[in-house]
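Structure at a glance
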Protein chains: 2
Amino acid sequence: MRRRSTVRLSAEDVQQGFALGCQAIVESDLDILIPAQEAIERHVTTDRVAAEISVPIDYEFTRSQPVSRLNVSLIPPSMDDQTDDWSRLLTALRQQHSLEHVSCSISLLKQLGAALREGEWHVTVISTQNALEDNTKTCRLLDVRPGFTDEDDPLWAAAVDIGTTTVSLWLVDLVTGKVKAHASEYNSQITRGEDVISRIVYASKNGGGEELQRQVVSTINKLCDSACKRAHAKPKEIIKATVAGNSTMIHLLLGIPASSIRLSPFITTVNQPPYSTSREIGLVFAPEAVIDCLPGVASYVGADITAGVLSSGLDKAENITLFIDIGTNGEIVLGNRDWLVTCACSAGPAFEGAGVVCGMRATTGAIEEVWINEGTFEPHYRVIGGGRPSGLCGSGLIALISEMFLTGILDKSGNINLTLPTKRVREGGHGSEFVVAWANESEHGKDIVITHIDVDNLLRAKAAIYAGYSVLAEQVGMTLENVQQMVIGGSFGKYINVEKAIQIGLLPDLPWDKFHFLGNTSIKGAYLALLETSERERIAEIARRMTYIELSADNTFFEAFTSALFLPHTDISKFPSVRAVLEKS
Amino acid sequence: MRRRSTVRLSAEDVQQGFALGCQAIVESDLDILIPAQEAIERHVTTDRVAAEISVPIDYEFTRSQPVSRLNVSLIPPSMDDQTDDWSRLLTALRQQHSLEHVSCSISLLKQLGAALREGEWHVTVISTQNALEDNTKTCRLLDVRPGFTDEDDPLWAAAVDIGTTTVSLWLVDLVTGKVKAHASEYNSQITRGEDVISRIVYASKNGGGEELQRQVVSTINKLCDSACKRAHAKPKEIIKATVAGNSTMIHLLLGIPASSIRLSPFITTVNQPPYSTSREIGLVFAPEAVIDCLPGVASYVGADITAGVLSSGLDKAENITLFIDIGTNGEIVLGNRDWLVTCACSAGPAFEGAGVVCGMRATTGAIEEVWINEGTFEPHYRVIGGGRPSGLCGSGLIALISEMFLTGILDKSGNINLTLPTKRVREGGHGSEFVVAWANESEHGKDIVITHIDVDNLLRAKAAIYAGYSVLAEQVGMTLENVQQMVIGGSFGKYINVEKAIQIGLLPDLPWDKFHFLGNTSIKGAYLALLETSERERIAEIARRMTYIELSADNTFFEAFTSALFLPHTDISKFPSVRAVLEKS
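Attention in this report is confined to the structure presented alongside it. Computed from a predicted model, the values in this text were never measured in an experiment.

Calculation criteria
- Sequence order sets the numbering: in each chain, residues are counted from 1 along the sequence as written.
- Going through the entries in the order they are written, you letter the chains from A and number the ligands from 1.
- It should be noted that, the model being predicted, local features are given only for residues of pLDDT at least 70 and side-chain atom pairs only at 80 or more, the latter also being counted only at that level, while totals for whole chains, interfaces and linings use all residues.
- Water and hydrogen atoms were dropped before computing side-chain values, which therefore reflect all heavy atoms in the structure.
- Only residues with pLDDT of at least 70 in both copies count here: their C-alpha atoms drive the least-squares fit that superposes the copies.
- Residues are treated as being in contact if the distance between any of their heavy atoms lies within 4.5 Å.
- Remark: exposure states derive from per-residue accessible area (1.4 Å probe, protein chains only) relative to the maximum for the residue type, with buried under 20%, exposed over 50%, and partly exposed in between.
- In this description a helix means any DSSP run of H or I spanning at least four residues, a strand means any run of E spanning at least two, and both kinds are numbered starting from the N terminus.
- A side-chain nitrogen of Lys or Arg and a carboxyl oxygen of Asp or Glu constitute a salt bridge if their distance falls within 4 Å.
- When two components associate, each loses some accessible surface as probed by a 1.4 Å sphere; the sum of these losses over both components is called the buried area.
- Counting of polar contacts relies on pairs of N or O atoms within 3.5 Å, with two restrictions inside protein: one atom must be capable of donating a hydrogen and the other of accepting it, and residues adjacent in sequence are counted only when both atoms are side-chain atoms.
- In this count, Pro and Cys sit with the nonpolar residues alongside Ala, Val, Leu, Ile, Met, Phe, Trp and Tyr, while Asp, Glu, Lys and Arg are called charged and the others, Gly among them, polar.

**Quick notes on the relation of the copies chain B and chain A**
Between chain B and chain A, the superposition needs a rotation of 180° and an axial shift of 0.0 Å, giving an RMSD of 0.1 Å. Here the two chains are linked by the operation of a two-fold rotation axis. The overlap is high: 100% of the interface residues of chain B also sit at the interface in chain A, so the same surface is used on both sides.

Okay, structure coming up:
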């Protein structure tokens, strides 16, 4: 399941002097040219993701979160009262704010004397209650700042989502509960592997884990700087962060070896990491800032999914709901307020444009929608940014496969019909292929094609996901027809044409109004867990409630996968709407 | 009180080409020659201190300390049980050892997966109970080691005493409670100042605090290595350390700024530091080893004194007891099982040989005992190591002053009588002086003398200490005559001739059998606090019970100090045994 076909070079590529970077031997100094498209892609993706979260969810803030900010006045020491600084502060906290059982790190003690004296014995104390761990309310100091602070001044915190591809940060004011700025950026670990498996392999090499940790930390720090600039905040004022992400991303952030995640029986070191501090991890927040990595469920169902369940409200839904987060992995949750089951299917990154000859991410120049004339087999397409096409992104690939199938260019097994009366079907360097755009229309002056191997990769990916739904439903004794609503998380999902995704068998055949696209459900969950103790408790409860089903241990999975390798499925009765379309044509 | 006369160069010294290092300007490359005596001194002192603790106190070990070592077997994970490593360990700890509320650092989690797999799911878990802080017994893991450990195998811990001059470490096996090796060494901070005040000044400079922290850490690490070698232990196996030391030493160890200790009103940042870890401080112990810095009372009454009170049993004494630890500072405690008062008098390092022209530490070549013939004024002396003398150490200085006083070379104000019929009294480069050893008897071929300025420094030092006793006694409405026993800690104290120390007025005039010399009471206290939870609680109780009296805020102190500047005291009635001797002669 965790292999995927590799796209190799065609005879033509080799003739033109192309070589596989991973196979070529460097024999002398060389210049590396980065194609212009790659260079701008970063910026565009960032903007697109940012646009998507420009109106963060509106949440009624009840101010029941554990971080508090207090103005404290101490009686200055004198020869008659030589109490140490720390005991003096404890006395003031007890007398002025009824705070008991207060603790503090050595690291914060290092700043205490200077803060008290600089503030002339008036200070702002930021503390957090350990409400989650035991019933006695203990309290830990996070910062002591000279002087008093106005009640209305922002108290900065952050919600972070670490995706394998993209990292997002929301800068939150805990006083108002509002998101004051946000930023997204590629996870700079991407230079060390595109999926979690290759990251784990890299991390297992000498020093690799430390390097990947530094990379994701530097990505978060960059996002923090940029969000802070926009909100006129200082990174050192951020006092807490909740972090969502898949289990591998969380392990790499904390510097915990992730190698056992990759190997059967696929075990994480920890699903519910203890609190950590900004200082321990190397983040630019306040050194003692609480880093709260949200709880996950299993190696391939991490905190991104529990956070997604939280923010989508699946755990409180009356209706039976199917939740999917399609990223580099496809994680699926099925359930309602009474029960929750989950699984992960390693779909591979085909729908992100990887492992596909002309695949690319959803950025400027990507074909995002395709229509094919059933008489002439001539395609029309829409390009992101409106210019000439450079390749095909996920939604474009879904549309293309669907149109090729409905027009008979593909048979139900995914074979390209080379006998059709069009030059667009042909035998190419990678086997049979269909030309979506001719060289003279494209940005780079080369044909944009989809090959038989590409189709095969995409069918394997969608089959893995569909088999995931099926097995999950079967495990609780139901079928997909019983699903009452479907929730799709992840920025990828937002741009899918539902009709076409159903036609290729990627989404189950439900009425279109049952589908809800929620965007980045993971960071929204992190945001809620940051704002409210009750939501933080709820996410822990969600993690406890979710029953994880390991697909590779399930005998029925391989059968379900094989059946789903067809368009839309071996059993067309599972896709009545598609059957109706096929019968009409 | 915190000034002291500086010994400057005589005209003769200058003529011979001597210059003050702190004043000289380096104008070209230069070679620095370290006198042979300095080079060997380190070794000798180390040996001497080591000899002193060669028979560590015998203690009935009840095994009620919070660190425990457990053999734990985990059910290996499988596709049917994909529980994460940490939850799997928690389950085993709960089922096999009834351990609940277990926590662990991110840092230890980094090693967990490897330890479990290397031990093939059999591990040794070392944990500590947080029994001191709250009533719910929480437990923190300190180490997880692959494989099982025999019950009788040592479980290593350390007791550490950080003196301004000397650092000592006892390597303790928590299984038997025995000290298995010990080591002592100069505190390498000594190159940055000889007393706490000059260390604080140095620490306040840019990067100075970090440097002093590194220095004391490297001293402890060196001691640890050397003790471990002798006991066939590995530093990484040491799982806990209790640390005693004066408040400045503890602040510098933890990297907490100490500047407010030096300035009125003399405030520490913290008297009862929170637990820290070996990793945070940079020690070579197990990274998560608990570093328990014992509680102190005030800026100049630190954990060395509370530990001293603990190990001397002063807090349980029926008799009214006076405890003094004469080091670079003189810390005094007066009390019994019902009450405890304490003060510190900055005696300065005169009794350690500093601030005295021919002063030196108690090492090879130091004159440690002196007798003067009252007819001829010819001195006899005993030299440490038996060779030629190089200078005078503390006990030698006490004996010399006493003999000079009783033979009339000194009057009761400390003036040298230049009219006596001996060449040994003369006007020298530093004013009037007495020659203890002529150039031809000495190691370095120069006269060994004591000057009027030296005597003045020594009288100021002993007056500060004596005034400390008096004011402390006065504060509780009694006189020194009510003291029923006197306990003297610190390695310096061990070599004092009691009779002569009384004769100069350094010790109060009690019967000799009331004096008890206990050596390094500080490390003994650290050892007890390491071994038994009840002793650790007792030392916290001692710190709470001790009432600190700030001498510089006490109006009667200056008067008491002035009265004590004489030999033995203005009021001779306070020293009846000395009066008897004087009357006889």
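Here the narrative resumes, following the displayed structure.
**Side note on helix α14 (residues 521–531) of chain B**
The buried count for α14(B) comes to 11 of 11 residues, which makes it a mostly enclosed element. For α14(B), the set of buried residues is T521(B), S522(B), I523(B), K524(B), G525(B), A526(B), Y527(B), L528(B), A529(B), L530(B) and L531(B).

**Some details on the environment of S278(B)**
Residue and element names in this part refer to chain B. Its location among the elements puts S278 in helix α9 (residues 278–281). A C-alpha to C-alpha distance of 37 Å links S278 and D338, two positions 60 residues apart in sequence. Filtering out sequence-adjacent residues up to four positions away, S278 remains in contact with L283, V284, F285, A286, P287, A289 and I291.

**Considerations on the pattern of salt bridges**
Note that side chains of opposite charge can pair when their charged atoms are close. In the structure shown here, the tally under the stated rule is 32 salt bridges over all chains. Among the ionic pairs, R424(B) bridges to E378(B), the shortest N-O distance being 2.8 Å. Separated by 46 residues along the polypeptide, R424(B) in the loop between α11 (394–406) and β17 (425–428) and E378(B) in the loop between β14 (366–372) and β15 (379–383) bring together distant segments of the chain. Under the relative-accessibility criterion, R424(B) is labelled buried at 3%. On the basis of relative accessibility, which here comes to 33%, the residue E378(B) falls in the partly exposed class. A single salt-bridge network, built from bridges that share partners, covers R140(A), R279(A) and E288(A).

**Comments concerning the interface of chain B and chain A**
At the junction of the two partners, chain B supplies 39 residues and chain A supplies 40 residues. Where chain B abuts chain A, roughly 3200 Å² becomes buried across the two surfaces, and 61% of that area is made up of carbon and sulfur atoms. When residues of chain B are sorted by the area they lose upon contact with chain A, M79(B), Q82(B) and I106(B) head the list and together hold 20% of the total. Taken together, the links from chain B to chain A amount to 0 salt bridges. Summed over the shared surface of chain B and chain A, the result is 12 residue pairs in polar contact (both at pLDDT 80 or more). Of all the elements, helix α4 (residues 106–118) of chain B adds the most residues to the side of chain B that touches chain A, at 5 residues. Looking at the side of chain B that touches chain A residue by residue, the class counts come to 18 nonpolar, 12 polar and 9 charged.

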